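Here are the chains, one letter per residue:
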Amino acid sequence: MNEAERARMSFADFLAVYDLSFHGAQVLVSAATDLLVLGIDCPVVVAVASAIITPETNRFVIDDLVRDARAELGLAQLDDDALIIRVAQSQLRRWAAGVMSDRELAAWAHKVIGHDGPFVLQALVNADDEFDDVDNSWTTLADAYVHSGLLDTASNIFALADPWEMNRVR
């Protein structure tokens, strides 16, 4: 994967989080700036990169910019299950990079995906329950066990097709 593809994937990661909940608009602006640095300088990417995000920023203005950037970058609006799978892949990339701990990842999955979420993500959700079931005296051993399960789960979730590649607008 070249730098431009990595930047596009990073933008897509933040876009998925944004789509799930308006949080992360500032990070989306930073990701658009990364695209500019790599020469992906279409007008809508410039507009997103130039957006000023404050607590008073009108969400509809940002939504319009994001809609246009999505169209320009070929990132179709995803259905709910595809979106949560894409967000889970994004969070797993953060976890694999050491940005999130095992427990943070598991707690996030339980809170955001929940037991009613897509079946293919339930092993990730269940990791939080495994942490809850651990007796404090066995924390190190149990953490290693859950970590091992998370490695397998991450491998399985990364093996799923990126929903945006499957739904790419060309």
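The rules we used
- Residues numbered from 1 in each chain as written.
- Predicted model: local features only at pLDDT ≥ 70, side-chain atom pairs only at ≥ 80, totals over all residues.
- Heavy atoms only, no water.
- Helix = DSSP H or I, 4+ residues; strand = E, 2+ residues; numbered from the N terminus.
- Contact = heavy atoms within 4.5 Å.
- Buried < 20%, exposed > 50% of the residue type's maximum accessible area, 1.4 Å probe, protein only.
- Salt bridge = Lys/Arg side-chain N within 4 Å of Asp/Glu carboxyl O.
- Lys, Arg positive; Asp, Glu negative; His and termini not counted.
- Polar contact = N/O pair within 3.5 Å; in protein donor to acceptor, adjacent residues only side chain to side chain.
- Phe/Tyr/Trp six-rings, centres within 6.5 Å; stacked < 30°, edge-to-face > 60°.
- Lys NZ or Arg CZ within 6 Å of the ring centre and 35° of its normal.
- Axes fitted to C-alpha atoms, helices over the stretch in contact; angles between N-to-C directions.
- Parallel < 35°, antiparallel > 145°, perpendicular 65-115°, else oblique.
- Left-handed = near helix turned anticlockwise from the far one by under 90°.
- Nonpolar A, V, L, I, M, F, W, Y, C, P; charged D, E, K, R; others polar.
- pLDDT = per-residue confidence, 0-100.

## Some thoughts on the side chain of T153
Thought 1: In this structure, T153 sits in helix 8 (residues 139–159).
Thought 2: Non-local contacts of T153, meaning those with residues more than four positions away in its chain, are made with A123 and L124.

## Quick look at the environment of Y145
Thought 1: Structurally, Y145 can be placed in helix 8.
Thought 2: Judged by relative accessible area, which is 60%, Y145 ranks as exposed.

## Brief notes about the pattern of salt bridges
Thought 1: Throughout the structure, instances matching the rule amount to seven salt bridges.
Thought 2: Here D13 makes a salt bridge to R86, at a shortest N to O gap of 2.3 Å. Of this pair, D13 sits in helix 1 (residues 3–20) while R86 sits in helix 5 (residues 80–96); the two residues are 73 residues apart in sequence, bridging distant segments of the chain.
Thought 3: As a salt-bridge pair, D162 and R86 come within 3.0 Å of each other at their nearest N and O atoms.

## A word on the side chain of D102
Thought 1: Residue placement: D102 occurs in helix 6 (residues 102–112).
Thought 2: Buried within the structure, D102 lacks any salt-bridge partner; R103 is the closest side chain of opposite charge, at an N-O distance of 7.7 Å.
Thought 3: At 2.7 Å, the side chain of D102 and the side chain of H147 are in polar contact.
Thought 4: Apart from the residues within four sequence positions on either side, D102 is in contact with W95, F131, D143, H147 and L150.

## Quick word on the environment of A97
Thought 1: For A97, the location among the structural elements is in the loop between helix 5 and helix 6.
Thought 2: In this structure the C-alpha to C-alpha distance between A97 and D152, which are 55 residues apart in sequence, comes to 16 Å.

## Comments concerning the packing of aromatic side chains
Thought 1: All told, the structure shown has zero aromatic pairs when counted by the stated rule.
Thought 2: Against the face of Y18 rests R59, its NZ or CZ located 5.8 Å from the ring centre.

## Notes on the packing of helix 1 against helix 4 (residues 59–73)
Thought 1: Running from N to C, helix 1 and helix 4 point in directions that differ by 140 degrees, and their axes come no closer than 12 Å. One way to sum up the angle between helix 1 and helix 4 is to call them oblique. Pair helix 1 / helix 4 crosses with left-handed handedness. For the pair helix 1 and helix 4, contact is made by R8, F11, L15, Y18 and D19 and by R59, I62, D63, V66, A69, R70 and L73, respectively.
Thought 2: Class assignment of the residues belonging to the contact of helix 1 with helix 4 gives a composition of seven nonpolar, no polar and five charged.

## Re the confidence of the model for the chain
Thought 1: Across the chain, pLDDT averages 84, with 91% of residues at or above 70.
Thought 2: No element of the chain has a lower mean pLDDT than helix 9 (residues 163–166), at 74, and none a higher one than helix 6, at 92.

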